[in-house]
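The primary structure of each chain is shown beneath.
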Amino acid sequence: LNWRIGTTSSYIAEVANARGLEPSRSTIQAVGMEMVARDANAFAAGFLKKYEWTPGTGLIVDSARQAAFYNALLSITATSNSRLIFLDAPFEVRTKRVEAREGMSTADLECFDGHPVEMDALELRKIADLILNGAGDQAELLQQVLEWL
């Protein structure tokens, strides 16, 4: 597809760094919530600017968690086609992945999952155009997405 990939958590981490905050998962959740509450449209516009989106170009938005942020993206990019793909992985699979990647324990992930930002992500699942089982092989998931697009 040759599209840029914009990661919301990376963007929020940069905002947190600029504020002098350590970009931990909990900080990213808190700063992201604050950005949405203050002005979801400004959050979305800043994100799109950072990843140099322009009308007619593709952008993969990774790790969007807040419905208000996603709706603001839709509003700003209204002239472009948008599709929401939700990767739904079982807790056990996610636990293994974050433990390997970040050293996060099962208890830490349970606490993380209980945060309002993560609960809001479930709203995105309800409006997703495609829901995939995130437990699958990454190459197979990519193939499913490409065939679907």
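Our subject is the structure that appears above.
Residues numbered from 1 in each chain as written. Predicted model: local features only at pLDDT ≥ 70, side-chain atom pairs only at ≥ 80, totals over all residues. Heavy atoms only, no water.

Draft legend 1. Spotlight on a nonpolar patch on the surface. On the surface, Leu1, Trp3, Ile5, Ile60, Leu142, Leu146, Trp148 and Leu149 cluster together to form a nonpolar patch covering roughly 760 Å² of accessible area. A total of three residues in the nonpolar patch trace back to one element, the largest contributor, which is helix H7 (residues 138-148). Mapping Leu1 onto the fold places it in the segment before strand E1 (4-7). The exposure class of Leu1 is exposed, given its relative accessible area of 57%. (Patch = residues over 30% accessible without salt bridge, like charges linked within 9 Å, V, L, I, M, F, W, Y side chains within 5 Å. Areas by Shrake-Rupley, 256 points an atom, 1.4 Å probe, with all protein chains shown as cover. Salt bridge = Lys/Arg side-chain N within 4 Å of Asp/Glu carboxyl O. Helix = DSSP H or I, 4+ residues; strand = E, 2+ residues; numbered from the N terminus. Buried < 20%, exposed > 50% of the residue type's maximum accessible area, 1.4 Å probe, protein only.)

Draft legend 2. Just unusual backbone geometry, in detail. The backbone phi angle of Glu52 is positive, close to 55 degrees, even though this residue is not glycine. Relative to the assigned elements, Glu52 resides in the loop between helix H2 (25-50) and strand E2 (59-62). Looking at Glu52, the relative accessible area reads 48%, which means it is partly exposed. The phi angle at Ser63 is positive, at roughly 65 degrees, despite the residue not being glycine.

Draft legend 3. Local environment of the packing of helix H1 (residues 8-18) against H2. Where H1 contacts H2, the two axes come as close as 10 Å, and the packing angle between them is 105 degrees. The angle between the axes of H1 and H2 places the two elements in the roughly perpendicular class. Of the residues in H2, those touching H1 at Thr8, Ser9, Tyr11, Ile12, Ala13, Glu14, Val15 and Ala16 are Thr27, Ile28, Val31, Gly32, Met35, Phe43, Gly46, Phe47 and Lys50. When grouped by side-chain class, the residues that make up the contact of H1 with H2 number 10 nonpolar, five polar and two charged. (Axes fitted to C-alpha atoms, helices over the stretch in contact; angles between N-to-C directions. Parallel < 35°, antiparallel > 145°, perpendicular 65-115°, else oblique. Contact = heavy atoms within 4.5 Å. Nonpolar A, V, L, I, M, F, W, Y, C, P; charged D, E, K, R; others polar.)

Draft legend 4. Structural context of helix H6 (residues 116-127). Within H6, burial applies to Val117, Glu118, Ala121 and Leu124. Viewed end-on, H6 has its buried residues packed into an arc of 95 degrees, placing them on one side of the element. Buried positions along H6 lie against H2, helix H3 (67-76), strand E3 (85-88) and helix H5 (106-113). (Arc of directions from axis to C-beta.)

Draft legend 5. Region of the structure containing the packing of helix H4 (residues 91-102) against H5. Orientation of H4 relative to H5, taken along the N-to-C sense of each, is 115 degrees, at an axis distance of 10 Å. H5 is crossed by H4, and the crossing has right-handed handedness. Along the contact surface, H4 presents Phe91, Arg94, Thr95 and Val98, while H5 presents Thr106, Leu109, Glu110 and Asp113. Looking at side-chain class alone, the contact of H4 with H5 contains three nonpolar, two polar and three charged residues. (Left-handed = near helix turned anticlockwise from the far one by under 90°.)

Draft legend 6. Representation of the pairing of strand E4 (residues 130-133) within the structure. Only one face of E4 is covered, namely the face carrying Leu130 and Leu132; the face carrying Ile131 and Asn133 is uncovered. Direction of pairing for E3 relative to E4: parallel, over a ladder of four bridges. Bridge pairing in E4 links Asp88 to Asn133. (Pairing = 2+ DSSP bridges.)

Draft legend 7. Just the nonpolar core, in detail. With 20 residues, the main nonpolar core has Tyr11, Met35, Phe43, Phe47 and Phe69 as its most contacted residues. At the level of secondary structure, the elements contributing two or more residues to this core comprise H1, H2 and H3. Ranked by the residues each element gives to this core, the list is headed by H2, at nine residues. Those residues in contact with Phe43, other than ones at most four positions away along the chain, are Tyr11, Ile12, Gly32, Met35, Val36, Gln66 and Phe69. Counting six residues, the second largest nonpolar core, distinct from the first, contains Tyr70, Phe86, Leu124 and Ala128. (Core = buried A, V, L, I, M, F, W, Y, C linked by side-chain atoms within 4.5 Å.)

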